[in-house]
Amino acid sequence: QVQLVESGGGLVQPGGSLRLSCAASRMIFSFYAMGWYRQAPGKQRELVARFTSGSSTNYADSVKGRFTISRDNAENTVYLQMNALKAEDTAVYYCNAHHPYTSYDYWGQGTQVTVSS
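Structure report, in brief. As the structure is a computational prediction, the values presented were derived from the model and not from experiment. Numbering of residues begins from 1 in every chain and follows the order in which that chain's sequence is written. Reporting of local features is limited, given that this is a predicted model, to residues whose pLDDT is at least 70; pairs of side-chain atoms are given and counted only at 80 or more, and all residues count toward the totals for whole chains, interfaces and linings. Side-chain metrics in this entry use all non-hydrogen atoms of the structure; hydrogen atoms and water are not considered.

Focus: unusual backbone geometry
Thought 1: If you check the backbone angles, Asn-76 has positive phi at about 55° while not being a glycine.
Thought 2: Only DSSP runs of H or I covering at least 4 residues are called helices, and only runs of E covering at least 2 are called strands; the numbering of each starts at the N terminus. Mapped onto the secondary structure, Asn-76 falls in the loop between strand 7 (67-72) and strand 8 (77-82).
Thought 3: For Ala-84, which is not a glycine, the phi torsion comes out positive at approximately 50°.
Thought 4: Counting through the fold element by element, Ala-84 comes out in the loop between strand 8 and strand 9 (91-98).

See below:
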């Protein structure tokens, strides 16, 4: 069973930075399209950033220029560098592994990010 474990969340002031990590196991990591999603209270889960084909990426408009997704295939880890954080970035952030052929999605347990002064 694929396992995704997120870390790096926490409380940060507006304008601050955090880096989220997602360690994957029991999967051929380089084969999957990895991504980050988030869900704020009372809202639907939404895409933050993801890899599409190869090393191509796409980002939600609300985070473009502030967030950067990256991956280390040797370490089976995907990262989300978040800069210039805003209160509206407060949410639970989930790591996602998308199988490119079956379209099956695996999810981590989520990590809380709270942006507040």
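Describing the state of the cysteines
Thought 1: Cysteine sulfur pairs qualify as disulfides if the two atoms are within 2.5 Å. A complete count under the given rule lists 1 disulfide for this structure.
Thought 2: Linked covalently through their sulfurs, Cys-22 and Cys-95 form a disulfide whose S-S length is 2.1 Å. Between Cys-22 and Cys-95, the disulfide has an S-S torsion of -80° and is therefore left-handed. In this pair, Cys-22 sits in strand 3 (residues 18-25) while Cys-95 sits in strand 9, placing the two residues 73 residues apart along the sequence. Pair check on accessibility: Cys-22 and Cys-95 agree, each one buried. Type-normalised accessible area, obtained with a 1.4 Å probe on protein chains alone, sets the label of each residue: buried when under 20%, exposed when over 50%, and partly exposed for intermediate values.

Regarding the layout of surface pockets
Rolled over the atoms, a probe sized like a water molecule indicates the empty space that remains.
Thought 1: Every definition here rests on a 1 Å grid over the protein atoms only: cavities are sets of points where a 1.4 Å probe fits but cannot get out, pockets are open sets enclosed by protein on both sides within 12 Å along at least five of seven lines, and lining residues have some atom within 4 Å of a point. Grid points are joined across faces, edges and corners, and a volume is the space filled by probe spheres set on the points. Roughly 190 Å³ of volume is contained in the largest pocket.
Thought 2: Lining of the largest pocket is provided by 13 residues; of these, Arg-38, Lys-43, Glu-46, Glu-88 and Asp-89 occupy positions nearest its centre.
Thought 3: Classes in brief: Ala, Val, Leu, Ile, Met, Phe, Trp, Tyr, Cys and Pro nonpolar; Asp, Glu, Lys and Arg charged; the others, Gly included, polar. Taken together, the residues of the lining of the largest pocket sort by class into 2 nonpolar, 4 polar and 7 charged.

Thoughts on the pattern of salt bridges
Any two side chains of opposite charge can pair, given that their charged atoms come close.
Thought 1: A pairing counts as a salt bridge when a side-chain nitrogen of Lys or Arg comes within 4 Å of a carboxyl oxygen of Asp or Glu. Going through the model one piece at a time under the given rule, you end up with 4 salt bridges.
Thought 2: For Asp-89, the salt bridge identified is with Arg-38, shortest N-O distance 3.0 Å. With Asp-89 in the loop between strand 8 and strand 9 and Arg-38 in strand 4 (residues 33-39), the pair connects residues that are 51 residues apart, well separated along the chain.
Thought 3: Relative accessible area serves as the criterion here: at 0%, Asp-89 is assigned to the buried category.
Thought 4: Three or more residues joined by partner-sharing salt bridges are found here, namely Arg-38, Glu-46, Arg-66 and Asp-89.

Regarding the sheet that holds strand 7
Thought 1: Taken in spatial order, the 4 strands make up an open sheet running 1-3-8-7, and their pairing is antiparallel. Whereas interior strands pair on both sides, the edge strands pair on one side only; in this sheet they are strand 1 (3-7) and strand 7. Within the sheet, the average angular offset between the axes of one strand and its neighbour, ignoring direction, is 15°.
Thought 2: In the sheet, strand 7 pairs with strand 8 via 6 bridges, with the strands oriented antiparallel. Residue pairing in the sheet places Ser-70 in a bridge with Tyr-79 of strand 8. Pairing between strands is defined by DSSP: at least two bridges between them are needed. Whenever a helix is involved, its axis is fitted only over the stretch in contact; in every case the axis is a line through C-alpha atoms, and angles between N-to-C directions fall within 0 to 180 degrees.

Fair warning: the whole summary comes from geometry, so function is off the table for now.
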